[in-house]
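Given next are the chains, with one letter for each unit.
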Amino acid sequence: LAYGFFGYLLLIFAVYAILSGLNVTASDEDAGIMDMVLSLPLPRWRLVLEKLLAYGLLVVGIMARSYVGLFTGEQFSALKVDNSRLLQATVNMIPASLMMVAFTAFMGALFRSKSTATAVSAVFVIASYVLNFLGLAASGTFFDKLKGLSFFSYYDHQGVIMHGLSISNIM
């Protein structure tokens, strides 16, 4: 379960996080909607913050539904898993997902181009995944030291299932 579901879910969820981050500013700017919204007496920071909070709430909602699905499936399975560990592993995904949404929103605001923000965010996620993979595969090498730069290294899905949630990885 830790490898099959939680091992790939964050990588797959990165696609949703990138699309959500683009919807904060870049998609509206490309569609011309942002011009109309910014003509209102509303500070730009407030608009961005409210949209980030809304997409953050959606991320939490998706994670909650994910846990409900795992909990329900576990009830009908011969495999018995500690439900508190399932909840901890699901909660463990929220900070990394929110970070990807915020990073993509920042790239969208910085470059003001949906395609550039998408490319930079995708390269960031892929490079972070590869850096983490190389660090895990080649322990004791240069890549193992660089693994700390990857946000995937703080996700530690197997450690959460086996030992519980590490608060230091969330903060």
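In this text the structure is predicted, and so the values were computed from the model without any measurement.

Our focus in this paragraph is the overall build of the protein. Each helix and strand in the protein was counted, giving 9 helices and 0 strands. Reading the helices (α) and strands (β) of the protein from amino to carboxyl end gives α-α-α-α-α-α-α-α-α. Structurally, the protein occupies a C-alpha span of about 55 × 40 × 25 Å along its principal axes. About 9,700 Å² of surface is accessible on the protein, with carbon and sulfur atoms providing 71% of the total.

We now examine the nonpolar core. Residues F6, L10, M93, M100, V125 and F151 are the most contacted members of the largest nonpolar core, which totals 32 residues. At the level of secondary structure, the elements contributing two or more residues to this core comprise α1 (2-24), α4 (44-75), α5 (83-111), α6 (114-137) and α8 (157-163).

Now for α4. Taking 1.5 Å as the rise per residue, α4 with 32 residues should run 46 Å; its terminal C-alpha atoms sit 47 Å apart, in good agreement. For α4, the complete set of buried residues consists of L47, V48, K51, Y55, G56, V59, M63, S66, Y67, L70 and E74.

Moving on, we get to the confidence of the model for the protein. For the protein, per-residue confidence averages 86 on the pLDDT scale, and residues scoring 70 or more make up 96% of the total. Taken element by element, the predicted model of the protein shows its lowest mean pLDDT in helix α9 (residues 167-170) (69) and its highest in α6 (92).

Of note, G7 is situated in helix α1. Accessibility expressed as a relative area gives 18% for G7, which makes it buried. For G7 and D156, which are 149 residues apart along the polypeptide, the C-alpha to C-alpha distance reads 8.8 Å.

Following the sequence through the fold, S97 ends up in helix α5. Taking the relative accessible area as the measure of exposure, S97 reaches 0% and is therefore buried. A distance of 2.9 Å separates a polar atom in the side chain of S97 from the backbone oxygen of M93. Discounting residues that sit within four places of it in the chain, S97 has contacts with L10, F13, A17, V59 and M63.

Before going further, it helps to spend a moment on the packing of aromatic side chains. On inspection of all chains with the given rule, the structure shows 8 aromatic pairs. Ring geometry for F13 versus Y16: centroids 5.2 Å apart, planes at 40°, classification tilted. With F13 and Y16 both in helix α1, this residue pair falls 3 residues apart, about one helical turn. Between F103 and F124 the ring centres are 4.2 Å apart and the planes differ by 25°, which places this aromatic pair in the stacked class. Of this pair, F103 sits in helix α5 while F124 sits in helix α6, placing them 21 residues apart in sequence.

Along the polypeptide, E74 turns up in helix α4. At a separation of 3.0 Å, a polar atom in the side chain of E74 contacts the side chain of Q75. If near-sequence neighbours (up to four positions away) are discounted, E74 is found in contact with L79, K80, V81 and N83.

Looking now at the pattern of salt bridges. Summed over all chains, the structure comprises 2 salt bridges. Notably, a salt bridge pairs R46 with E50, separated by 2.8 Å at the nearest N-O pair. Linking R46 with E50, this pair stays in helix α4, spanning 4 residues, or about one helical turn. Residue class for E50 comes out partly exposed when judged on its relative accessible area of 39%. When the shortest N-O distance is used, the salt bridge between D144 and K147 registers 3.9 Å. Using a relative accessible area of 28% as the deciding quantity, one classes D144 as partly exposed.

Thresholds, definitions, all that
Residues numbered from 1 in each chain as written. Predicted model: local features only at pLDDT ≥ 70, side-chain atom pairs only at ≥ 80, totals over all residues. Heavy atoms only, no water. Helix = DSSP H or I, 4+ residues; strand = E, 2+ residues; numbered from the N terminus. Areas by Shrake-Rupley, 256 points an atom, 1.4 Å probe, with all protein chains shown as cover. Core = buried A, V, L, I, M, F, W, Y, C linked by side-chain atoms within 4.5 Å. Buried < 20%, exposed > 50% of the residue type's maximum accessible area, 1.4 Å probe, protein only. Expected span 1.5 Å × (residues − 1). pLDDT = per-residue confidence, 0-100. Polar contact = N/O pair within 3.5 Å; in protein donor to acceptor, adjacent residues only side chain to side chain. Contact = heavy atoms within 4.5 Å. Phe/Tyr/Trp six-rings, centres within 6.5 Å; stacked < 30°, edge-to-face > 60°. Salt bridge = Lys/Arg side-chain N within 4 Å of Asp/Glu carboxyl O.

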